[in-house]
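What the coordinates show
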Amino acid sequence: MSNIRTIIEFATIPLGEESLSRYVAQVVKFLEEKKVKYQLIPMGTIIEIASLGDGFKIIKEPHELIFKLGAKRVSTTIRIDNRRDRDRHMEDRVKSVFEKIWRD
């Protein structure tokens, strides 16, 4: 199944900063330039990518970007949904939950 996707949630945080929006904006610009499917959420970013290896490559760049923007210390957290038995997308997971809510 070549279309199977890996869904990764990550948050890259410059430690010691109070306002993060300028950093997040640069990460979003990077994802747009790379044409990565993403969803910005209040506490991080979710990406949908072809493989786990590709996901790690993508996440490494925003991690390094935060240093380039002047941070002295950066923390990145990652959560991975790597289902390999069927092709699923970010929207499918949300749709499945709401279908169960509306059905009941």
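Just above sits the structure.
Being a predicted model, the structure only gives us computed values, none of them experimental.

Considerations on the overall build of the chain
For the chain, the helix and strand inventory stands at three helices and four strands. The helix and strand sequence of the chain, counted from the amino end, reads β-α-β-β-α-β-α. Based on the C-alpha atoms only, the size of the chain along its principal axes is roughly 50 × 30 × 20 Å. Put simply, the chain has 104 residues, and 29% of those count as buried. Sequence-distant contacts in the chain: of pairs separated by 6 or more residues, those separated by 24 or more amount to 73%. Total accessible area on the chain is roughly 7300 Å²; 53% of this is exposed by carbon and sulfur atoms.

Overview of unusual backbone geometry
We note that K35 has phi near 60°; this positive angle belongs to a residue other than glycine. Turning to its location among the elements, K35 is positioned in the loop between helix 1 (21–33) and strand 2 (37–41). Exposure remark for K35: the relative accessible area of 75% places this residue in the exposed category.

Here's the deal with the packing of helix 1 against helix 2 (residues 52–68)
One can describe the packing of helix 1 onto helix 2 by two numbers: an axis separation of 10 Å at closest approach and a directional angle of 145°. Seen along the crossing, helix 1 lies across helix 2 with a hand that is right-handed. The segment helix 1 lies against helix 2, with Y23, Q26, V27, F30 and L31 engaging I58, E61, P62, L65 and I66. Of the residues in the contact of helix 1 with helix 2, the class split is eight nonpolar, one polar and one charged.

Analysis parameters
- Each chain has its residues counted from 1, running along the sequence as written.
- Predicted model: local features are reported for residues with pLDDT of at least 70 only, side-chain atom pairs are reported and counted for 80 or more only, and whole-chain, interface and lining totals are derived from all residues.
- Where side-chain values are given, they derive from all heavy atoms of the structure, hydrogens and water being excluded.
- Only runs of H or I of at least four residues qualify as helices and only runs of E of at least two qualify as strands under DSSP, and these elements are numbered from the N terminus.
- Here's how the labels work: a residue is buried when its accessible area is under 20% of the maximum for its type, exposed when over 50%, partly exposed in between, all with a 1.4 Å probe on protein chains only.
- Contact criterion: two residues are considered in contact whenever any of their non-hydrogen atoms come within 4.5 Å of each other.
- Note on areas: Shrake-Rupley, 1.4 Å probe, and residue coverage restricted to the protein chains presented here.
- Note on method: axes are straight lines fitted to C-alpha atoms, helices fitted across the in-contact stretch only, with angles between N-to-C directions ranging 0 to 180 degrees.
- Handedness of each helix crossing follows the sense of rotation of the near helix against the far helix: counterclockwise by less than a right angle gives left-handed, clockwise gives right-handed.
- For this classification, Asp, Glu, Lys and Arg are treated as charged, while Ala, Val, Leu, Ile, Met, Phe, Trp, Tyr, Cys and Pro are nonpolar and the rest, including Gly, are polar.

Any functional reading would require information that these geometric values do not contain.
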